[in-house]
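These are the residues of each chain, in order.
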Amino acid sequence: NVTVTTGMGKSIPLTIQMQQEEQGYSYMLTDMSEKEDAIYYMTVSAQDMAGNQSELIYRFSLNRHGSTYDLTQISQITERVYNRFDQIFDLCITEMNVDEIEEYSIYITRNGKMLDCQETQKRPESNDKKEEVCYYVESAGNEQTGYTNRYIFYQENFAQEGNYRITCYSKDRAGNETNNTLEDKKAEVSFVVDNTAPKVMIDGIEPGGIYNEEEQTVHIMVQDNFCLNK
């Protein structure tokens, strides 16, 4: 008997081809390559004519695409795109992989300029270091459930106005190298911090002015450092 279950205990339907050989039988699982990337357990049990039984269990993983990313906790910020600093909170990106994440790097740009990323558990006391971003990583998981890295970026990092872009690179135990900006990951993280109100300029009239004219031409100009809404 041959069975395959996921690391969470869910049974997987299989298509098996059996072939008789001189010393017994060989079995081929013909559709495993179609299954999702995940952790799997294969259990093979056998019993001979005398009633002797044996069983062997192997753990393996399908990992062809590397990590996936959960952006649920920052979806409001990325969907809104334009944010004030008081709308920003500690940002969390969760990376999930069926295999252990052996290497990772964080890259952050503001207005296209690379910032210095520092992994630390200590929150920045001030924003004096305007070109530095502080973050920390929470790693968890095991062979049964897979592995996660939670990258937490302190709110204080984003006090400066600008267009931010966050890239998370990693390499897993299976040798897959990936990052969240790849098109098939659908996990790009970019947003704008804008603390400056639009500027309004009026030309053609003065405050309290009185004009004895049938018509008066007035020019109104509105400017913003990023983008106007209405």
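The present account deals with the structure reproduced in this document. By convention here, each chain's residues receive numbers from 1 onward along its written sequence. A pLDDT threshold of at least 70 governs which residues receive local features in this predicted model, and a stricter bar of 80 or more applies before side-chain atom pairs are shown or counted, although totals over entire chains, interfaces and linings include all residues. To get the side-chain values, all heavy atoms of the structure are used, and hydrogens and water are removed first.

Counting from the N terminus, the helices are the DSSP runs of H or I reaching at least four residues and the strands are the DSSP runs of E reaching at least two. Per the secondary structure count, the chain includes 1 helix and 18 strands. A compact globule built from 230 residues should have a C-alpha radius of gyration of about 17 Å, whereas the chain, at 29 Å, is more than 25% larger. With the C-alpha coordinates aligned to their principal axes, the bounding extent of the chain is approximately 115 × 45 × 25 Å. Categorising residues by exposure relies on relative accessible area from a 1.4 Å probe, with only protein chains included: less than 20% of the type maximum marks a residue as buried, more than 50% marks it as exposed, and the intermediate range marks it as partly exposed. When the 230 residues of the chain are sorted by exposure, 33% land in the buried category. When checking whether two residues touch, look at their non-hydrogen atoms; a contact exists if any pair is within 4.5 Å. Pairs at least 24 residues apart make up 59% of the contacts formed inside the chain by residues separated by at least 6 positions. Accessible surface, the chain: about 15300 Å² in total, of which carbon and sulfur atoms supply 47%. The averaged location of the 39 negative side-chain charges in the chain is 3 Å from the averaged location of its 20 positive side-chain charges. The reference for a compact globule is 2.2 Å times residues^0.38; the radius of gyration itself is calculated from the C-alpha atoms. Per-residue and other accessible areas follow the Shrake-Rupley method at a 1.4 Å probe size, with only the shown protein chains counted as cover for residues. We score Asp and Glu as negative and Lys and Arg as positive, and we do not count His or the chain ends. In this description, the location of a charge corresponds to atom NZ of lysine, CZ of arginine, CG of aspartate or CD of glutamate.

Further remarks concern the sheet that holds strand β12 (residues 132-142). Taken in spatial order, the 5 strands of this open sheet run β6-β8-β13-β12-β11, and their pairing is mixed. Pairing within the sheet leaves two strands with one partner each, and these edge strands are β6 (68-70) and β11 (116-119). When strand polarity is set aside, the average angle formed by the axes of neighbouring strands in this sheet is 30°. Bridging between β6 and strand β8 (residues 91-97) involves 3 bridges; their strand directions are antiparallel. Bridging across to β8, Thr68 finds its partner in Met96. Here the rule is simple: two strands pair whenever DSSP picks up at least two bridges between them. Simply put, an axis is a line fit to the C-alpha atoms, just over the touching stretch for a helix, and the angle between two N-to-C directions goes from 0 to 180 degrees.

Relative to the elements of secondary structure, Asp31 occurs in the loop between β3 (24-29) and β4 (38-47). Whenever a nitrogen or oxygen atom comes within 3.5 Å of another N or O atom, the pair is scored as a polar contact, on the condition that within protein one atom can donate a hydrogen and the other can accept it, and that pairs from neighbouring residues in sequence are kept only if both atoms are in side chains. Of the polar contacts made by the side chain of Asp31, one reaches the side chain of Thr15; its length is 3.2 Å. Leave out the neighbours within four places in its chain, and Asp31 touches Pro13, Leu14 and Thr15.

This part is about the packing of aromatic side chains. Only rings of Phe, Tyr and Trp enter the pairing, Trp through its six-membered ring, and a pair is recorded when the two centres are within 6.5 Å. The plane angle decides the type: under 30 degrees is stacked, over 60 is edge-to-face, the rest tilted. Throughout the structure, instances matching the rule amount to 7 aromatic pairs. Judged by centre distance (5.8 Å) and plane angle (65°), the ring pair of Tyr104 and Tyr151 falls under edge-to-face. Residue Tyr104 is found in strand β9 (residues 101-110), and its partner Tyr151 is found in strand β13 (residues 146-153); the two are separated by 47 residues along the sequence. Relative to Phe153, the ring of Tyr135 has its centre 5.7 Å away and its plane inclined at 35°; by these criteria the two rings are tilted. Residue Tyr135 is found in strand β12, and its partner Phe153 is found in strand β13; the two are separated by 18 residues along the sequence. For Tyr135, a relative accessible area of 6% puts it in the buried group. The buried category is assigned to Phe153, whose relative accessible area is 0%. Each member of the aromatic cluster is reached from another via a ring pair, and the members are Phe158, Tyr164 and Phe191.

With that settled, the discussion passes to the pattern of salt bridges. We count a salt bridge whenever a side-chain nitrogen from Lys or Arg sits within 4 Å of a carboxyl oxygen from Asp or Glu. With the rule as written, the count across this model stands at 9 salt bridges. Taking the shortest distance from any N to any O, the salt bridge between Arg84 and Asp86 comes out at 3.2 Å. On the basis of relative accessibility, which here comes to 44%, the residue Arg84 falls in the partly exposed class. Taking relative accessible area as the criterion, Asp86 reaches 58% and is therefore assigned exposed.

Here we come to a nonpolar patch on the surface. For patches, a residue must show more than 30% relative accessible area and have no salt bridge; joins then use 9 Å for like charges and 5 Å for nonpolar side chains, namely Val, Leu, Ile, Met, Phe, Trp and Tyr. A contiguous nonpolar surface patch, about 690 Å² in accessible area, is contributed by Val200, Ile202, Ile205, Tyr211, Val218, Ile220, Val222 and Leu228. Every element with two or more residues in the nonpolar patch is listed here: β17 (199-203) and β18 (219-223). The topology assignment puts Ile205 in the loop between β17 and β18. The exposure class of Ile205 is partly exposed, given its relative accessible area of 34%.

Geometric values such as these leave the question of function open.
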